[in-house]
Amino acid sequence: MRWYRDLYMGPNAEQKIRKIRRKAAAGQWMAGVYYITPALAEGGLLDIFHNGMLRQARFADVWCTDVIGVAEGRMEAFRLAERVVWEVYQQTGGFDIRSYFKSEDFVED
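Note that the coordinates shown come from a computational prediction; the quantities given were computed from them, not determined experimentally.

Moving on, we get to the sheet that holds strand β4 (residues 66-72). The strand order across the open sheet formed by 5 strands is β3-β2-β4-β1-β5, and the pairing between neighbours is mixed. Looking at the sheet topology across the chains shown, the edges are occupied by β3 (46-50) and β5 (106-108). If you compare each strand with its neighbour and ignore which way they point, the axes differ by 40° on average. Where helix α2 (residues 17-25) meets the sheet, it contacts β1 (2-9), β2 (33-38), β4 and β5, and its direction lies at approximately 150° from that of β1. Here helix α4 (residues 74-92) sits on the sheet and contacts β1, β2, β3 and β4; the angle it forms with β4, its principal contact strand, is near 135°.

Okay, α4 next. Taking 1.5 Å per residue as the helical rise, α4 with its 19 residues ought to reach 27 Å, and the 27 Å between its terminal C-alpha atoms agrees with that figure. For α4, the complete set of buried residues consists of E76, A77, L80, A81, V84, V85 and V88. Where α4 is buried, its residues touch β1, α1 (11-14), β2, β3, β4 and α5 (97-100). A positive backbone phi angle near 80° is found at G93, which sits one or two residues after α4.

Bringing the side chain of D66 into the picture now. Among the secondary structure elements, D66 is positioned in strand β4. When sequence neighbours within four positions are dropped, the list of residues in contact with D66 reads R2, I36, T37, P38 and F106.

Cut-offs used in this document
- Residues numbered from 1 in each chain as written.
- Predicted model: local features only at pLDDT ≥ 70, side-chain atom pairs only at ≥ 80, totals over all residues.
- Heavy atoms only, no water.
- Pairing = 2+ DSSP bridges.
- Helix = DSSP H or I, 4+ residues; strand = E, 2+ residues; numbered from the N terminus.
- Axes fitted to C-alpha atoms, helices over the stretch in contact; angles between N-to-C directions.
- Contact = heavy atoms within 4.5 Å.
- Expected span 1.5 Å × (residues − 1).
- Buried < 20%, exposed > 50% of the residue type's maximum accessible area, 1.4 Å probe, protein only.

Interpretation note: all reported values are geometric properties and have no functional meaning in isolation.
Following this line, the structure appears as structure tokens:
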């Protein structure tokens, strides 16, 4: 799993980010914690998934684990994804999420 250097965080997740990252590194399940990543599907923008999905081998092997954002709760995740898309659009005038987030902008944890 790689984390975006300027990680986007929902207000609830921000209060617990150290604990979330520590548990993520240990592969522990966390109730209500969602990750936002670049979309796996061609033409998509972002994917939002519950952290528990990474515990499933099939999922972890194919899914993008470059985490752009962390949220606590589905609604917070949706609002955070909206914020990411809006900021990319404001910066670039487009919606090319994959080009906006460069590989060197992520760090291993």
